[in-house]
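Each chain, letter by letter, is given below.
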Amino acid sequence: MRFIASLFVDRMRAFLTIEWKIMKFPWQRKQSYLWKDLLFFTLGIAIVYCLFLGSYALIAPDEARYCEIAREMLVHHNFIVPRLNDLLYFEKPPFFYWIQALAIYLFGLHEWGLRIGSVCFGVIGGLATYVFANRFYDRRVAIYSTLILTSSLLYFGLAHYASIDMTVSVLIAITLISAFFGLLEEQTKKRMGLIALAACFSALAVLTKGLIGIVFPGLILLLWLLLTQQWRLIRKWDIPLAIVVFLIITLPWHIALQLQHPQFFHFYFIQQQFSRYASLSASRYEPFYFYSVVMLLGFFPWSAFLVQSMRHAWISKDNRSIDLFLIIWFFTIFIFFSFSQSQLIPYILPVFIPAAILTGKYLATFEAKKTTGLKIGAFIVLLLIGVLATYLFIAPYFYPLSNPQQAQFWFILLTVILVVTALFFFCLFWRSRLKVAFLVLLVGAFLFEVSMLNAIPYVDHQSIKPLAMQLHTLIKPSDRIVNYRHYNQDLPFYLRQRVIVADCTNELDFGVKFAPFASWMISNQAFWELWNSNQRVFAVTRIDDYSEMKKTHSQSRFYVIGQTQRNVLLCNRAVVIFEKAVTSEKAVIPAKAVIPAKAVILAKAVIPAKAGI
């Protein structure tokens, strides 16, 4: 602990030292700092990112979906064919599922364990940023860049989110960095090693999210060679070696799955990789300025300096080819997704590393000089904080919250953190203490984001976990569990079993086509036959669907077991709920009208969930 404390003090003293000069360190001199800095950032980022990692339930749909697929891989001992609710699911390749399956095997079915993979890749992304900036700029730019990246709002959030976006973004970044290092390396053996490493990470990116794992790195590097007129560097690439390494990693899974399921190729490559980008089939179209807004909020608070950083990099004569590489990296991916017909917020994450390095270079260059660009950036910081603070203050009155009272407390706390950060930042910036002002902004960003994690359980009204945990204490092997008219991705995960899905296919539609007689995918008519039978049936559905059920099937019996802001747990029979230290039994009374807000009978002694997968 003393060593870690001394290391922390030494790094922070180095960061705040005024005598630091803007200069290029020879690579040999950098080596004396490199490993200490990497160790410091590894420990520091990991500690901050692991705080409150398991304090909130899996967020539907993405976290719940990817974790459930991994759980089913372990249940079936089949790591080739992805399945969701026991149906074929070929939308994504398996690498992230393998990471999640390993996490389940090592840590069990705990939310914090399932998010460890994203945390690890978030840390690796920060280290890759440091290595690139330290190699081509200097140590101070590397420190700025790493801190900017890891404290930006969307990067921090996705590092705490069990989804493929953080993984594929970091794999693409390492591919680009390795290949770029290889292009500039003079020694043959080192160059071959770097090119092979780039091919390896590109292959893993393809196994994580498909063709973008090779398209983005290849396109960005070719554009850079074209614009810098350095085509001769292509001769340094050992292309046959790269192809062999890439194919050795990517081909086995694709061939194995194609041999087992001949329909895989068309669905995965044609429908998911090409049609999804070029058509509205995914129903995720947003206006052309969508990702500009995402960058403004997702790169907060450093987005206030991003445009100035781009302009400075474009007109700067120092390290021009390196700056141009980062600019190409940023705009190639940004424009690609802006023209896509399928747009989601996390898609833009791969541009965060070049954005952080360019912003880090800009702030490191002008940290002692209050330029017009910095003044504009400071004004935008205050404007963004004002908008966010206002939204957080009024959100409890307009947004459906799972626990309004607790959520309001956290929203007020988040608002206070933003306001206090803005006041300190403005005062220090006004007095030209720019470096300390940036440090205040950094600390404020981390405090805001960590506090945001604590607010999630009281804000997320979509989670099915409360009802699933309650249902887990009541079900018997002979019971049927139905998800009616909706498929809650987290329901099978928290129940540790497949559920019946009634009158809904949604993204299970592909799997249903190849299992048309699956007994657990039933029609609306089949559901009502089951509900009115002698079989005990539990159903999870939306509250508005329950209201419609009572109107259209008034002769059926409904027993309300539990309720959240969005969903309701029903049974077709009276259910016995045992209370601690009470021998009497309480039967749930059939609901005759609208569900009362407090009409939820909870078991005071919750039976622990089974430890099995």
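Please read all numbers here as calculations on a predicted model, not as lab measurements.

*Asks:* I keep staring at the overall build of the protein chain and nothing clicks. Help me out?
*Replies:* Scanning the protein chain from N- to C-terminus turns up 24 helices and ten strands. Going through the 613 residues of the protein chain one by one, you find that 55% of them count as buried. When contacts within the protein chain are restricted to residue pairs at least 6 apart in sequence, long-range pairs at least 24 apart make up 76% of them.

*Asks:* In this structure, what is going on with the packing of helix 17 (residues 372–394) against helix 18 (residues 404–430)? I would like to understand it.
*Replies:* Axes are the key here: two packed helices are described by the angle between their axes and the distance separating the axes. Running from N to C, helix 17 and helix 18 point in directions that differ by 165°, and their axes come no closer than 9 Å. Judged on the interaxial angle alone, helix 18 and helix 17 are roughly antiparallel. Remark: the crossing between helix 17 and helix 18 carries left-handed chirality. Together, Leu 374, Lys 375, Ala 378, Val 381, Leu 382, Ile 385, Leu 388, Ala 389, Leu 392 and Phe 393 of helix 17 and Phe 411, Leu 414, Thr 415, Leu 418, Val 419, Ala 422, Phe 425, Phe 426 and Phe 429 of helix 18 make up the contact between the two elements. Taken together, the residues of the contact of helix 17 with helix 18 break down into 17 nonpolar, one polar and one charged.

*Asks:* Even after reading the chapter, I still don't get the nonpolar core, so can you show me in this structure?
*Replies:* The tendency in soluble globular proteins is for nonpolar side chains to be buried as a group. The biggest cluster of nonpolar side chains holds 141 residues, and the ones touching the most others in it are Phe 132, Met 295, Phe 305, Phe 325, Trp 329 and Phe 352. In this view, Phe 305 contacts Thr 359, Tyr 362, Leu 363, Leu 374, Gly 377, Ala 378, Val 381, Phe 425, Phe 438 and Leu 441; residues no more than four positions away in its chain are not counted. Of all hydrophobic cores here, the second largest spans 61 residues; its members include Leu 474, Leu 508, Met 521 and Ala 539.

*Asks:* What am I meant to see in the confidence of the model for the protein chain here?
*Replies:* Segments scoring low in pLDDT should not have their predicted coordinates read at a detailed level. Here the protein chain shows a mean pLDDT of 86. Residues at 70 or above account for 87%. Within the model, the stretch residues 579–612 combines pLDDT values under 50 with 50 contacts to residues more than four positions away or in other chains.

*Asks:* Please explain the packing of aromatic side chains as it appears in this structure.
*Replies:* Any pair of aromatic rings gets described here by the distance separating the centres and the angle formed by the planes. Applying the stated criterion to the full structure yields 50 aromatic pairs. Put simply, the rings of Phe 90, Trp 253, Phe 264, Phe 265, Phe 267, Tyr 268, Phe 269, Phe 510 and Phe 514 pair up and form one aromatic cluster. Taking the ring centre of Phe 136 as reference, the NZ or CZ of Arg 135 above it sits at 5.0 Å. Its end group placed over the ring of Trp 430, Lys 370 keeps NZ or CZ at 5.5 Å from the ring centre.

*Asks:* Explanation requested: the environment of Ala 502 in the structure shown.
*Replies:* Position of Ala 502 among the secondary structure elements: in strand 4 (residues 500–502). A C-alpha to C-alpha distance of 5.5 Å links Ala 502 and Ser 523, two positions 21 residues apart in sequence. Leaving out residues up to four positions away in the same chain, Ala 502 has contacts with Val 482, Asn 483, Tyr 484, Arg 485, Ile 522 and Phe 527.

*Asks:* I keep staring at a nonpolar patch on the surface and nothing clicks. Help me out?
*Replies:* Residues Ile 239, Ile 243, Leu 247, Leu 251, Ile 255 and Leu 259 make up a contiguous nonpolar surface patch of about 530 Å² in total accessible area. Mapped onto the elements of the fold, Ile 255 is located in helix 11 (residues 239–260).

*Asks:* I'm lost on the pattern of salt bridges in this one. Help?
*Replies:* Two side chains carrying opposite charge are able to pair once their charged atoms lie near each other. For the structure on display, the rule yields 16 salt bridges. For Arg 71, the salt bridge is made with Glu 68, and the minimal N-O distance between the two is 2.9 Å. Of the two residues, Arg 71 and Glu 68 both sit in helix 3 (residues 62–76), three residues apart, roughly one turn of that helix. Of the residues examined, Arg 71 reaches a relative accessible area of 4% and is grouped as buried. Residue Glu 68 is classed as buried on the basis of its relative accessible area of 0%. Note that Asp 479 is salt-bridged to Arg 536, the shortest N-O span being 2.6 Å. On the criterion of sequence distance, the pair formed by Asp 479 in the loop between helix 20 (465–472) and strand 3 (480–484) and Arg 536 in the loop between helix 23 (524–531) and strand 6 (537–542) is long-range, its members being 57 residues apart. Arg 536 shares its class with Asp 479; the two are buried. A single network of salt bridges, built from pairs that share partners, joins Arg 485, Asp 503, Asp 545 and Glu 548.

*Asks:* Help me understand unusual backbone geometry in this model?
*Replies:* Peptide bonds are, in most cases, trans, and in most cases residues other than glycine have a negative phi. Note that the residue after Ala 60, namely Pro 61, is joined by a cis bond; omega there is 5°. Examined against the element boundaries, Pro 61 turns out to sit in the loop between helix 2 (27–50) and helix 3. Omega for the bond connecting Phe 300 with Pro 301 falls within 30 degrees of zero, at 5°, which places this linkage in the cis form. Take Pro 301: it is sitting in the loop between helix 13 (290–298) and helix 14 (306–315). Positive phi values are uncommon outside glycine, yet Asn 85 reaches one of about 55°.

*Asks:* Hey, could you run me through the sheet that holds strand 7 (residues 559–563) in this one?
*Replies:* Within a sheet, adjacent strands bond to each other through the backbone by hydrogen bonds, running parallel or antiparallel. The six strands are arranged 5-4-3-6-8-7 in an open sheet whose pairing can be described as mixed. Each edge of the open sheet is held by one strand with a lone partner, namely strand 5 (521–522) and strand 7. Where strand 3 lies against strand 4, three bridges are found, and the strand directions are parallel. Bridging from a neighbouring strand, Asn 483 pairs with Val 501 of strand 4. In the packing of helix 24 (residues 543–552) onto the sheet, contacts are made with strand 3, strand 6, strand 7 and strand 8 (567–571), and the angle to strand 6 comes to roughly 120°.

*Asks:* Would you explain the state of the cysteines in this entry?
*Replies:* Here a disulfide denotes one covalent bond, and it connects the sulfur atoms of two cysteines. Tallied over the entire structure, the rule returns zero disulfides. With no disulfide of its own, Cys 50 has Cys 120 as its nearest cysteine by sulfur position, at a separation of 7.5 Å.

*Asks:* Help me understand the pairing of strand 3 in this model?
*Replies:* Every regular strand shows the same layout, with side chains that alternate between the two sheet faces. In terms of residue burial, strand 3 counts as a mostly covered element, since four of its five residues are buried. In terms of handedness, the path from strand 3 via helix 21 (residues 490–495) over to strand 4 forms a crossover that is right-handed.

*Asks:* What should I look at first to understand helix 3 in this one?
*Replies:* Residues that lie three or four places apart on an α-helix share one face, since the helix turns once every 3.6 residues. An ideal rise of 1.5 Å per residue puts 21 Å on 15 residues; helix 3 measures up with 21 Å between its terminal C-alpha atoms. Counting buried residues in helix 3 gives 13 out of 15 residues, a clear majority hidden from the surface. Of the residues one or two after helix 3, His 77 is the one with positive phi, at around 55°.

*Asks:* Please explain the packing of helix 10 (residues 212–227) against helix 15 (residues 320–338) as it appears in this structure.
*Replies:* For the pair helix 10 and helix 15, the least separation of the axes is 9 Å and the interaxial angle reads 135°. As the angle between them shows, helix 10 and helix 15 are arranged oblique. Considering the relative orientation of helix 10 and helix 15, their crossing is right-handed. Where helix 10 approaches helix 15, its residues Phe 216, Leu 219, Ile 220, Leu 221, Leu 223, Trp 224 and Leu 227 are matched on the opposing element by Ser 321, Leu 324, Phe 325, Ile 328, Trp 329, Thr 332, Ile 333, Phe 336 and Phe 337. Classifying every residue of the contact of helix 10 with helix 15 gives 14 nonpolar, two polar and no charged.

*Asks:* Explain the pairing of strand 8 to me, please; I cannot follow it from the model alone.
*Replies:* Summarising burial for strand 8: five of the five residues are buried, a large majority. Bridging between strand 6 and strand 8 involves five bridges; their strand directions are antiparallel. Note that in strand 8 the partner of Arg 542 across the bridge is Asn 567. Bridge count between strand 7 and strand 8: four bridges; the pairing is antiparallel. Within strand 8, the position partnered with Gly 562 by the bridge is Leu 569. As consecutive antiparallel partners, strand 7 and strand 8 are separated by three residues.

Criteria and thresholds
- Residues numbered from 1 in each chain as written.
- Predicted model: local features only at pLDDT ≥ 70, side-chain atom pairs only at ≥ 80, totals over all residues.
- Heavy atoms only, no water.
- Helix = DSSP H or I, 4+ residues; strand = E, 2+ residues; numbered from the N terminus.
- Buried < 20%, exposed > 50% of the residue type's maximum accessible area, 1.4 Å probe, protein only.
- Contact = heavy atoms within 4.5 Å.
- Axes fitted to C-alpha atoms, helices over the stretch in contact; angles between N-to-C directions.
- Parallel < 35°, antiparallel > 145°, perpendicular 65-115°, else oblique.
- Left-handed = near helix turned anticlockwise from the far one by under 90°.
- Nonpolar A, V, L, I, M, F, W, Y, C, P; charged D, E, K, R; others polar.
- Core = buried A, V, L, I, M, F, W, Y, C linked by side-chain atoms within 4.5 Å.
- pLDDT = per-residue confidence, 0-100.
- Phe/Tyr/Trp six-rings, centres within 6.5 Å; stacked < 30°, edge-to-face > 60°.
- Lys NZ or Arg CZ within 6 Å of the ring centre and 35° of its normal.
- Patch = residues over 30% accessible without salt bridge, like charges linked within 9 Å, V, L, I, M, F, W, Y side chains within 5 Å.
- Areas by Shrake-Rupley, 256 points an atom, 1.4 Å probe, with all protein chains shown as cover.
- Salt bridge = Lys/Arg side-chain N within 4 Å of Asp/Glu carboxyl O.
- Pairing = 2+ DSSP bridges.
- Disulfide = S-S within 2.5 Å.
- Right-handed = clockwise from strand over helix to strand, strands pointing away.
- Expected span 1.5 Å × (residues − 1).

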